[in-house]
Structures are given as structure tokens and as C-alpha cells.
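# A structural walkthrough
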Amino acid sequence: MIRAVEASQAVSAPVLAAYRYCETVTGQQARNFAYGIRLLPTPERRAMSALYAFSRRVDDIGDGELPGAVKVERLEDTRALLGRVQAGAVEEDDTDPVAVALAHASGVFPIPLGGLDELIDGVQMDLRGATYETWDDLKVYCRCVAGAIGRLSLGVFGTEPGAHGVERAPEYADTLGLALQLTNILRDVREDAEGGRTYLPADDLAKFGCSAGFAGPTPPEGSDFAGLVHFEVRRARALFAEGYRLLPMLDRRSGACVAAMAGIYRRLLDRIERDPEAVLRGRVSLPGREKAYVAVRGLSGLDTRHVSRHTLRGRA
């Protein structure tokens, strides 16, 4: 994949309004994501907002209070809308601003919109009450709901011409998505349990005596909850290390965006590692000043240069 053609700044009023709607949704509902994409040039930032707004719609259907049968119907309606976008059948005056923005973005950038189909598949797995015996099982789900988002984002970013190993860029984007999703799963373990969901692999839960689940603010009696968290943190760190190989393949601002979003989640992982039981007491988060620091670090290119040095050593 090479860098996308330069996006025109001339956008019609209806499309511009649709993008503004998507940017509002992103700013209000995705603070971590918004910190990253604000580092992008305007066309890329708008396209990423459109992707987020569509993805958020899918997630909200899955997480909402509607009866299961209605959720299934809504997801199929959303899949049909995606089909219209893919077929080029959404006009600028369409009443759905997310569809208008996504249609425009996919006309400007080579976005693999099939990834949004995968996202819908992942939410349908939630509705079926899917559980995961092993990490390999969980990876299938994570690739649907997060790896696909990495690959979609890469369609907006493009890659630098002549970058070494660029044919593996989609793989690295997918892996970075898995790292972010596993961090989310650790952060939300109590909240998910209250909603009747368990994402961590059953094999891992059993190994650390946590099969009873996480219904309260303390670990199951007799369990090694800290051991479980540290085990999953190490797995997430390995995924981050592999996914970060994407950074030198991106232009400066796209690399800064990815480094900022991933950096926020890596710092969340640090906090979870230091105090594993914090995830049972409430949602672990970063203060705004720390997110701003991560964004500045990403824009400086420190993470990209670090990865590049290690990559060169590996080839030496």
C-alpha cells in the first residue's frame, strides 16, 4: 500500500456538514482516539472521524438496552447501509451524515470498507454471548472489533514509498489493534462482568484461579488476580512491540497519530500493571496532561526513531 493521493481541500457544503457531525461525535465520545487524530492533516482527520462515527454506531447498538432481536435487526440495517456506501449509492444530500462522510472518505482514500463488515461480525459475536476458551479464540474476536479498525486506518494513512517491509503494514496495523483491544479488555474487566460478559480466555482464568469471575471490587477468593493481570499485560506488551513496527512505514503526522493513540493505551497498561486491582474498583484512565504529553512525544517522532533503530539492529 502506498500513500493515498493528496485529498482535495475543496469539499461541498453537505459533505463538510457531515464531516463536522462525525468530528463532533468523535470529540464527545472518543477522547483517547480524538487526541491522536487531531495530529493529522484535515482530510485524514475527517476520514478518521467518519470511520469512528460509523464504528461507534455499531458499538452503541451492541452495548445499548434494546432487546436482542432488535439489536440484530439494527445491525443488519447498518450492514445494509455499509453496502450502499460500498456500492457508491450514497448521495451528498442523503439524510444520514455518517453515510455521507464515509462515502466521501472512501472515495478519497483507499479504505478497505470490508473491515467495517468485520466489526459488525464482532458485535454479533457479543450478542450471541460468545466466550473464549483460548487466546487464539479471543484473537478472532479482537481482529474483528479492533484489528479491522487498524487496517481501515491504514487505508487513510497510506505508507511511505520505499519503506522497508511495507508489505507487512496491514499485519502490523492489525496487531496494534489487538494490543489496544486487550488493554481495553483489562481496563473494563469489572464493567464487562457486570454486563454479563467475559472476554479473557477461560484457560487463563482457570490458570490463575479466576474462573468465578469479577462481580465485585475484590478478586475471587484464593485467586492470583495480580498474576492474571501481569500475564495479560505481558501479552499486550508483546503485541505493542510487534505492532509498533508499523511506525517507520508512515509519514510523520500519521506516525504521530498512531504513536499518540497507542502511547495512551501503553500508559494505561503501565497503570494497570502497577495496581492490578484498580480495574475492579473503577475505570483506569489518564489525566489530560499526560495524554497531551503522549501526543507531543508522538509528534516529535521519538517512538518512530526508537522503532527504526531497533529494526535496523535486527537486520544487521
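Computed from a prediction, not measured in an experiment: that's the story for all the values here.

To continue, consider the overall build of the protein. The helix and strand inventory of the protein stands at 15 helices and zero strands. Relative to the 2.2 N^0.38 estimate, which gives 20 Å for 316 residues, the radius of gyration of the protein is 20 Å and therefore close to what a compact globule would have. Here the C-alpha coordinates of the protein stretch approximately 60 × 55 × 35 Å along the principal axes. Relative to its 316 residues, the protein shows a buried fraction of 51%. Sequence separation of at least 24 residues holds for 73% of the intrachain contacts in the protein that already meet a minimum separation of 6. Element-wise, carbon and sulfur atoms account for 51% of the exposed surface of the protein, whose accessible area totals about 14,500 Å².

Let's shift gears to helix α8 (residues 169-187). The terminal C-alpha atoms of α8 lie 27 Å apart, and with 19 residues this matches the ideal 27 Å at 1.5 Å per residue to within 8%. Most of α8 sits out of view: 16 of its 19 residues are buried.

This next bit is on the confidence of the model for the protein. In low-pLDDT segments, the atomic positions of the prediction should not be examined closely. Looking at the protein as a whole, the pLDDT averages 90, with 91% of positions reaching at least 70. Contacts of residues 2-8 to residues separated by more than four positions or lying in other chains number 16 contacts, the stretch itself having pLDDT below 50.

Considering all chains together, one arrives at 26 salt bridges under this definition. A salt bridge links Asp-94 to Arg-84; the shortest N-O distance between them is 2.7 Å. A residue pair is termed long-range when its members are at least 10 positions apart, and Asp-94 in the loop between α4 (68-86) and α5 (97-108) and Arg-84 in helix α4 qualify at ten residues. Residue classification places Arg-84 among the partly exposed residues on the basis of a relative accessible area of 32%.

What follows is about the side chain of Ser-153. Relative to the assigned elements, Ser-153 resides in helix α7 (residues 135-157). Sequence-distant contacts of Ser-153, defined by excluding residues within four places in its chain, comprise Met-48 and Leu-51.

Taken as a whole, this structure holds six aromatic pairs when the rule is applied. Relative to Tyr-199, the ring of Tyr-141 has its centre 5.2 Å away and its plane inclined at 25°; by these criteria the two rings are stacked. With Tyr-141 in helix α7 and Tyr-199 in the loop between α9 (189-194) and α10 (202-207), this residue pair connects regions lying 58 residues apart in the sequence. On the numbers, 5.4 Å between centres and 65° between planes, the contact of Phe-214 with Phe-225 is edge-to-face. Here Phe-214, found in the loop between α10 and α11 (225-243), pairs with Phe-225, found in helix α11; they are eleven residues apart in sequence, far enough to count as distant. Each member of the pair, Phe-214 as well as Phe-225, carries the same accessibility label: buried.

Once that is clear, we can look at helix α6 (residues 114-127). Between its first and last C-alpha, α6 extends 20 Å over 14 residues, near the 20 Å set by a 1.5 Å rise per residue. Among the residues making up α6, those that are buried are Gly-115, Leu-116, Leu-119, Ile-120, Gly-122, Val-123, Gln-124, Met-125 and Asp-126. Among the structural elements, α3 (42-63), α4, α5 and α7 are those in contact with the buried residues of α6.

Two cysteines joined by a covalent bond between their sulfur atoms form a disulfide. This model, assessed by the stated rule, comprises zero disulfides. Summary of cysteine pairing: Cys-22 is not part of a disulfide, and the nearest cysteine sulfur, belonging to Cys-257, is at 16 Å. Note on Cys-210: no disulfide assigned, nearest cysteine sulfur contributed by Cys-142 at a separation of 18 Å. By relative accessible area, which is 0% here, Cys-210 ends up buried.

Moving on to the packing of α4 against α6. The description of two helices packed together rests on the angle between their axes and the distance between the axes. It is at 10 Å that the axes of α4 and α6 come closest, and there the two elements cross at 175°. Viewed along their axes, α4 and α6 adopt a mutual orientation that is roughly antiparallel. On α6, the residues touching Lys-71, Val-72, Leu-75, Glu-76, Thr-78, Arg-79, Leu-82 and Gln-86 of α4 are Gly-114, Leu-116, Asp-117, Ile-120, Asp-121, Val-123, Gln-124 and Leu-127. Considered class by class, the residues forming the contact of α4 with α6 number seven nonpolar, four polar and five charged.

Below, the discussion takes up the side chain of Arg-79. By the element assignment, Arg-79 lies in helix α4. Within the structure, Arg-79 has its side chain in polar contact with the side chain of Asp-117 (distance 2.8 Å). Excluding residues within four positions of it along the chain, Arg-79 makes contact with Asp-117, Ile-120, Asp-121 and Gln-124.

The next point concerns the packing of α3 against α7. Between α3 and α7, the shortest axis-to-axis distance is 9 Å and the interhelical angle comes to 155°. Between α3 and α7, the interaxial angle falls into the category roughly antiparallel. Crossing of α3 over α7 shows right-handed handedness. Where α3 abuts α7, its residues Glu-44, Ala-47, Met-48, Leu-51 and Ser-55 lie against Ile-149, Leu-152, Ser-153, Val-156 and Phe-157.

The next thing to look at is the environment of Ala-206. With respect to the helices and strands, the residue Ala-206 is situated in helix α10. Exposure remark for Ala-206: the relative accessible area of 49% places this residue in the partly exposed category.

Rules used in this analysis
Residues numbered from 1 in each chain as written. Predicted model: local features only at pLDDT ≥ 70, side-chain atom pairs only at ≥ 80, totals over all residues. Heavy atoms only, no water. Helix = DSSP H or I, 4+ residues; strand = E, 2+ residues; numbered from the N terminus. Rg over C-alpha atoms; globule rule 2.2 N^0.38 Å. Buried < 20%, exposed > 50% of the residue type's maximum accessible area, 1.4 Å probe, protein only. Contact = heavy atoms within 4.5 Å. Areas by Shrake-Rupley, 256 points an atom, 1.4 Å probe, with all protein chains shown as cover. Expected span 1.5 Å × (residues − 1). pLDDT = per-residue confidence, 0-100. Salt bridge = Lys/Arg side-chain N within 4 Å of Asp/Glu carboxyl O. Phe/Tyr/Trp six-rings, centres within 6.5 Å; stacked < 30°, edge-to-face > 60°. Disulfide = S-S within 2.5 Å. Axes fitted to C-alpha atoms, helices over the stretch in contact; angles between N-to-C directions. Parallel < 35°, antiparallel > 145°, perpendicular 65-115°, else oblique. Nonpolar A, V, L, I, M, F, W, Y, C, P; charged D, E, K, R; others polar. Polar contact = N/O pair within 3.5 Å; in protein donor to acceptor, adjacent residues only side chain to side chain. Left-handed = near helix turned anticlockwise from the far one by under 90°.

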